[in-house]
Amino acid sequence: TGEIVINRKRAIETGSVKVGNHELLHGILRKAVREGKINKNLIADLKKTLGDKNWSNIQRRIDSNKDVYTEEYFAETPDEYITLLSEAIQDGDIT
C-alpha cells in the first residue's frame, strides 16, 4: 500500500528513533524485494562478506526477537536482514 507503519508501543519501549529509520528502509527496499533482488542468495553473500564476527551481531538481534523473526517472516521479508544490519551499523556493532 506504500504505507509505513511504526509500532508506536515498540518504539516507546525501545526508546529508539531507529524504529522510524528501520521502517523507512523497509519502504525503500520493498521494490527490490518485489523484483527478487533481495533473496536468500543475496543474504548468504552478505553473511559471507560480513564474516562471522559481524554477522553474530545481526544473529543476536534475531535471537532476541524469535517471536517475530521466524523463518516464515524472513522468507516473506528478506530485507529485514538489511534493516538489522543498518541498526547494527548505527549502534557501532559492525566493524
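The structure under discussion appears in the preceding block.
Since the model is a prediction, treat every value here as computed from it, not as a measurement.

The rules we used
Residues numbered from 1 in each chain as written. Predicted model: local features only at pLDDT ≥ 70, side-chain atom pairs only at ≥ 80, totals over all residues. Heavy atoms only, no water. 1 Å grid on protein atoms, 1.4 Å probe; cavity = no way out; pocket = protein on both sides within 12 Å on 5 of 7 lines; lining within 4 Å. Points joined across faces, edges and corners; volume = space filled by probe spheres on them. Helix = DSSP H or I, 4+ residues; strand = E, 2+ residues; numbered from the N terminus. Nonpolar A, V, L, I, M, F, W, Y, C, P; charged D, E, K, R; others polar. Salt bridge = Lys/Arg side-chain N within 4 Å of Asp/Glu carboxyl O. Buried < 20%, exposed > 50% of the residue type's maximum accessible area, 1.4 Å probe, protein only. Core = buried A, V, L, I, M, F, W, Y, C linked by side-chain atoms within 4.5 Å. Contact = heavy atoms within 4.5 Å.

(A) Structural context of the layout of surface pockets. The volume enclosed by the second largest pocket comes to roughly 270 Å³. Sorting elements by how many residues they give to the lining of the second largest pocket places helix α3 (residues 40-63) first, with six residues. Grouping the constituent residues of the lining of the second largest pocket by class yields eight nonpolar, two polar and three charged.

(B) Representation of the pattern of salt bridges in the model. Using the criterion set out here, one finds eight salt bridges in the structure. Between E35 and K31 there is a salt bridge whose closest N-O contact spans 3.7 Å. Here K37 and E35 are joined by a salt bridge, their closest N and O atoms 3.0 Å apart. Residue class for K37 comes out exposed when judged on its relative accessible area of 55%.

(C) Representation of the nonpolar core within the structure. With 17 residues, the main nonpolar core has L50, W55, I58 and I62 as its most contacted residues. Looking at this core, the elements that each hand over two or more residues are α2 (18-34), α3 and α5 (80-90). Of all the elements, α3 adds the most residues to this core, at six residues. Among residues more than four places away in sequence, those in contact with W55 are I43, L46, K47, L50 and Y81.

(D) Inspection of the environment of G36 at higher detail. Tracing the chain through its elements places G36 in the loop between α2 and α3. In the structure, G36 is positioned 42 residues away from P78 in sequence and 9.9 Å away in space, judged by C-alpha atoms.

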